[in-house]
Amino acid sequence: METRVDPQQLRRTLEVIVGERNPFSGQRHLTAVESFIEKELASYGLSVESDYFSYRGKNFRNIIGRQSAQRAGSLIILGAHFDSVQGTPGADDNASGVAVLLEAARLLARARVRSEILFCAFNLEELNMIGSGYFAKKLKSAGKKVDAMMSLEMVGYTDSRPGSQKYPFALKAFYPDRGDFIGAIGNWKSASLLSGVTRQMRQIRGLSVETLSVPGNGGLIPAVRLSDHAPFWDAGYPDLMITDTSFFRNPHYHGSTDTLETLNLDFMAKVCEGVMRAVLAL
């Protein structure tokens with residue numbers, strides 16, 4: 001199957017998504033983006049469902065695109081959240097992740113796969129992973145087997161200047177000081193998944209990949225829990241966060257300047273190609 005990604009296709013998707021998507025101050029655009037994601041996933045031939053949940057007396061939904069497999073059983077989940085914080089257009093956080101999710105879904109939908117793939121657009125991540133937390137608990141309660149989950153969390157910002165990349169305490173000595181790589185973060189239970197995924201991603205020419213494996217469910221470094229993978233860690237599933245490292249690199253984080261013009265589309269295309277290779281290998 002074709003796994004080359006056109007950066008201009010990512011741009012077209014981003015142009016639709018970027019804009020405040022907060023459930024209280026940007027509800028109209030949030031609803032429009034929900035509908036856009038739903039229609040896109042359906043247009044790829046996926047089975048699409050709304051995963052409803054309630055928060056503070058209101059109903060919200062995750063949007064799930066389901067790709068059937070040659071055999072029933074375990075799941076592979078690729079996810080990204082589509083909401084944003086108040087006052088930001090949310091280009092890197094997290095329109096970038098959603099654009100990569102949709103392009104990966106579009107291309108992977110043409111493949112014959114052995115395991116069922118769920119392409120999950122999660123809601124209310126910015127309110128402490130509400131949507132993904134609900135979904136992970138539902139899967140666990142139903143006894144579903146998840147072989148792998150990957151959360152796409154801010155995957156579009158780079159800065160190749162020396163000193164542009166920051167880290168949590170004690171990690172600086174072990175990693176590059178230029179923010180031009182994609183990060184893959186797993187916990188110790190996800191060590192095998194981390195190794196396999198990054199091995200595939202590193203096959204993409206020009207894509208530098210750095211990894212971090214944390215003990216337990218990441219409590220010693222709270223910053224590594226700030227995405228939709230955390231509820232899956234808590235449920236005991238193997239999963240990773242794929243990220244440009246968020247506020248450790250991007251000065252526009254949660255600000256009004258988090259715009260489309262700040263993103264590196266060629267980098268995003270490489271990340272998408274690497275993620276697809278990893279999914280196919282799984």
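Preceding this section is the structure that the text describes.
Caption draft 1: Representation of the nonpolar core in the model. Judged by nonpolar contacts, the single largest core of 59 residues is most densely connected at I37, L41, F119, I182 and I242. No other element matches helix α3 (residues 91-108), which puts 11 residues into this core. Leave out the neighbours within four places in its chain, and I182 touches V155, M201, L207, S208, V209, E210, I242, T243, D244, F267 and V271. In terms of nonpolar packing, the next biggest core, distinct from the first, is built from 14 residues, F122, F135, L139 and Y237 among them.

Caption draft 2: Examining helix α5 (residues 191-201) more closely. Residues of α5 that are buried include every one of L193, L194, V197, T198, Q200 and M201, and no others. Down the axis of α5, the buried set is contained in an arc of 155 degrees. They therefore lie on one face. In the core, the buried residues of α5 are packed alongside β5 (146-153), β6 (182-187), β7 (209-214), β8 (239-243) and α7 (265-281).

Caption draft 3: A look at the side chain of E153. The residue E153 is located in strand β5 in this model. For the buried E153, which has no salt bridge, the nearest side chain bearing the opposite charge is R21, at an N-O separation of 9.1 Å. Engagement of the side chain of E153 in a polar contact is seen with the side chain of S227, the distance being 2.9 Å. With residues near it in sequence (within four places) discarded, E153 still touches H81, D93, N94, E125, L226, S227, M241, I242, T243 and D244.

Caption draft 4: Structural detail: the pattern of salt bridges. Overall, the coordinates contain 10 salt bridges when judged by the stated rule. Across the salt bridge formed by R106 and E103, the nearest N and O atoms sit 2.7 Å from each other. One end of the pair, R106, and the other, E103, are both in helix α3, three residues apart, so they sit about a helical turn from each other. Take R106: its relative accessible area is 25%, and that puts it in the partly exposed class. Here D234 ties to R225 by a salt bridge, and the two come within 2.9 Å at their closest N and O atoms. Exposure remark for D234: the relative accessible area of 45% places this residue in the partly exposed category. Residue R225 is classed as partly exposed on the basis of its relative accessible area of 23%. One salt-bridge network, in which partners are shared between bridges, spans E34, E38 and R61.

What counts as what
Residues numbered from 1 in each chain as written. Predicted model: local features only at pLDDT ≥ 70, side-chain atom pairs only at ≥ 80, totals over all residues. Heavy atoms only, no water. Core = buried A, V, L, I, M, F, W, Y, C linked by side-chain atoms within 4.5 Å. Buried < 20%, exposed > 50% of the residue type's maximum accessible area, 1.4 Å probe, protein only. Helix = DSSP H or I, 4+ residues; strand = E, 2+ residues; numbered from the N terminus. Contact = heavy atoms within 4.5 Å. Arc of directions from axis to C-beta. Lys, Arg positive; Asp, Glu negative; His and termini not counted. Salt bridge = Lys/Arg side-chain N within 4 Å of Asp/Glu carboxyl O. Polar contact = N/O pair within 3.5 Å; in protein donor to acceptor, adjacent residues only side chain to side chain.

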